[in-house]
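Coordinates in review
The primary structure of each chain is shown beneath.
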Amino acid sequence: DQSMMRRGIFASNAILVGTGLVSYLTYDGVWGYLSLVLVATFAAPVTLMAYLFVARILSPMGIPILLFPYVGVMMFALFGASYWKAAMPAPVEIIDSPHYRFMESTFKGIAQIFVVDSCFSGFLVFLGMLACSRILAAAAFVGSALAALLSFGFFGVPVELINAGFLGYNSALAIPALVYFLVPTKKSLISCVLGLFMTLGAQVALEALFATWSIPVMVLPFCFAMLPFVALGMTSITGAEEPFVTLIPLAELSTPEEHIRQYKRSTDAGGYEEVPDIDEESALVKPIDDEAVATENGATDVVFEQVLQQKMESKSKPSWMFEQGESSADSG
């Protein structure tokens, strides 16, 4: 799909694998750096194969791939690094910080998405997101900031880890993902709050588990916390006729601003009217004149053209813009 290539869908996981190979591993001498070049060269096609494998499983169900390929490839690399002679897992260096620093922890949380320990780099990433979407940039900032505050106030995480951004980067991914993949409504804000706590809880639990092997959790908490929102049908869970939140189809994803504009246009118009069923009996007995000639199935050309026009109008709109409880198939 050329459009997916232009949007960078196939490269996002590979970029994170490249930064992870440099940040999570140490390389000794000339052979170490040669092994880095060799591993990075093979890691790109391996990541693409992992992406296609995960896509074969999740895409038929309409579930986004998220960053599972990146996590899977890096897991193999980190577990195998203990047997390599030229590369070993890099120790985590944490600077002692007696006081909690709000801005530093927030922007480092954004930078840690790319495994970068720099407040200035996080600010540049924030500016890049701001150039694309103000909503996504604000969501990343709020996610990283709230995760740091909650970790400091309720989870009892050491201040050094919070200031380094280790507790903020998964939430800096989770909140933008929720406002990107879900139809932007007031109910989606509730999903953001739930997603924040689920991401933090998953990270704390996985940190304790992965400490046994001395490897980082990376973005696995984000992937696990997002699955209930992007994979499960909220209608079947709540038992209500209208879904609690609506997932935007992958082919119709744009920016949150564009999603909001489309959603407002659909709600202001009152949604789409259902195409009336054709009464074949009345069509059969309708007299044939110059303006309407009976077709083989009994419906008139006039009725057929009206139905065809309504079908084309319904297909020109994103499927998630139909009224709550009304599917695009019903409207077609």
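For the structure, check the block above.
Thresholds, definitions, all that
- Sequence order sets the numbering: in each chain, residues are counted from 1 along the sequence as written.
- Local features in this predicted model are restricted to residues of pLDDT 70 or higher, and side-chain atom pairs are both shown and tallied only at a pLDDT of 80 or more, whereas totals for entire chains, interfaces and linings draw on every residue.
- Remark: hydrogens and water are excluded; side-chain values derive from all non-hydrogen atoms of the structure.
- The secondary structure listing takes helices from DSSP runs of H or I that are at least 4 residues long and strands from runs of E that are at least 2 residues long, numbered from the N terminus.
- Summary of the burial criterion: residues with accessible area below 20% of their type's maximum are buried, those above 50% are exposed, and those between are partly exposed, where the area comes from a 1.4 Å probe applied to protein chains only.
- We get accessible surface area from the Shrake-Rupley algorithm with a probe of 1.4 Å; when it comes to residues, only the shown protein chains can shield them.
- Axis lines are fitted through C-alpha atoms, for helices just across the contact stretch, and the angle between N-to-C directions can take any value from 0 to 180 degrees.
- Throughout, the term roughly parallel applies to angles under 35 degrees, roughly antiparallel to angles over 145, roughly perpendicular to angles from 65 to 115, and oblique to all others.
- When the near helix sits turned anticlockwise from the far one by under a right angle, the crossing is termed left-handed; a clockwise turn instead gives a right-handed crossing.
- Here, two residues are considered to be in contact whenever any of their heavy atoms come within 4.5 Å of each other.
- Polarity classes work like this: nonpolar for Ala, Val, Leu, Ile, Met, Phe, Trp, Tyr, Cys and Pro, charged for Asp, Glu, Lys and Arg, and polar for all others, with Gly in that last group.
- Grid spacing is 1 Å over the protein atoms alone, the probe is 1.4 Å, and a cavity is where that probe fits but cannot get out, while a pocket is an open set with protein on both sides within 12 Å along at least five of seven lines and lining residues have an atom within 4 Å of a point.
- Grid points are joined across faces, edges and corners, and a volume is the space filled by probe spheres set on the points.
- Working definition of a nonpolar core: buried Ala, Val, Leu, Ile, Met, Phe, Trp, Tyr and Cys residues. They are joined through side-chain atoms within 4.5 Å.
- Each pair of aromatic rings taken from Phe, Tyr and Trp, with Trp reduced to its six-membered ring, is defined by centres within 6.5 Å and is described as stacked if the planes are under 30 degrees apart, edge-to-face if over 60, and tilted in the remaining cases.
- Think of a salt bridge as a Lys or Arg side-chain nitrogen and an Asp or Glu carboxyl oxygen that are within 4 Å of each other.
- We define a polar contact as two N or O atoms separated by no more than 3.5 Å, with the added condition that, inside protein, one atom must be a possible hydrogen donor and the other a possible acceptor, whereas residues neighbouring each other in sequence contribute only through side-chain atom pairs.

Here's the deal with the overall build of the protein chain
- When you go through the protein chain residue by residue, the secondary structure sums to 16 helices and 2 strands.
- Residues counted as buried form 41% of the 332 residues belonging to the protein chain.
- Of the roughly 18,600 Å² of accessible surface on the protein chain, 65% is carried by carbon and sulfur atoms.

A closer look at the packing of helix α10 (residues 186–210) against helix α11 (residues 220–231)
- Interaxial distance between α10 and α11 falls to 8 Å at its minimum, and their mutual angle equals 140°. Classified by the angle between their axes, α10 and α11 sit oblique to one another. When the axes of α10 and α11 are compared, the crossing they make is right-handed. On α11, the residues that touch S191, L194, G195, M198, T199, A202, Q203, L206 and F210 of α10 are L220, P221, F222, F224, A225, M226, P228 and F229.
- Here the residues of the contact of α10 with α11 sort into 13 nonpolar, 4 polar and no charged.

With respect to the packing of helix α4 (residues 68–81) against α11
- Contact geometry of α4 with α11 gives a least axis separation of 9 Å together with a crossing angle of 140°. Here α4 lies oblique to α11, going by the angle between them. Relative to α11, α4 is oriented so that their crossing is left-handed. Between α4 and α11, the residues in contact are F68, V71 and M75 and L220, C223, F224 and L227, respectively.
- Per-class residue counts for the contact of α4 with α11 are 7 nonpolar, no polar and no charged.

Brief notes about the layout of surface pockets
- Counted as a void, the largest pocket has a volume near 1,400 Å³.
- Along the walls of the largest pocket sit 39 residues, with R7, I9, S12, Y180 and F181 positioned nearest its centre.
- Elements supplying a minimum of two residues to the lining of the largest pocket: α1 (2–6), α2 (12–23), α3 (29–58), α6 (119–132), α7 (134–153) and α9 (169–181).
- In terms of residue count, α9 provides more of the lining of the largest pocket than any other element does, 6 residues in total.
- Looking at the lining of the largest pocket residue by residue, the classes come out as 29 nonpolar, 8 polar and 2 charged.

Some points on the side chain of S188
- If you trace the backbone, S188 turns up in helix α10.
- The contacts of S188, once residues within four sequence positions are left out, are V183 and V245.

Overview of the nonpolar core
- Counting 71 residues, the largest nonpolar core has L21, Y70, V219, F222 and M226 as the members making the most contacts within it.
- Here the element with the most residues in this core is α9; it accounts for 10 residues.
- With sequence-adjacent residues up to four places away left out, V219 is seen in contact with L67, Y70, V71, Y169, N170 and L173.

Some remarks on the packing of aromatic side chains
- Across all of its chains, the model carries 11 aromatic pairs by this definition.
- Taking 6.3 Å as the distance between ring centres and 50° as the angle between the ring planes, the aromatic pair formed by F68 and F224 counts as tilted. With F68 in helix α4 and F224 in helix α11, this pair connects stretches of sequence that are 156 residues apart.
- Residue classification places F224 among the partly exposed positions, given a relative accessible area of 41%.
- Linked through ring pairs, F102, F107, F123, F126 and F141 together constitute an aromatic cluster.

A closer look at the pattern of salt bridges
- Enumeration over the complete set of coordinates arrives at 5 salt bridges.
- For K108, the salt bridge goes to D117, with nearest N and O atoms at 3.3 Å.
- Exposure remark for D117: the relative accessible area of 46% places this residue in the partly exposed category.
- Here E258 and R265 are joined by a salt bridge, their closest N and O atoms 3.9 Å apart.
- Members of the salt-bridge network, linked through shared partners, are R101, E104, K108 and D117.

Digging into unusual backbone geometry
- Its identity as a non-glycine residue notwithstanding, L66 has a phi of 55°, on the positive side.
- One can find L66 in the loop between α3 and α4.
- What makes L66 buried here is its relative accessible area of 12%.
- Of note, the phi angle at V115 is positive, near 60°, even though the residue is not glycine.

A look at the side chain of S133
- Its location among the elements puts S133 in the loop between α6 and α7.
- You can call S133 buried: its relative accessible area is 1%.
- Engagement of the side chain of S133 in a polar contact is seen with the backbone nitrogen of I135, the distance being 3.4 Å.
- At a separation of 2.8 Å, a polar atom in the side chain of S133 contacts the side chain of E257.
- Each residue touching S133, except ones within four places of it in the same chain, is listed here: P256 and E257.

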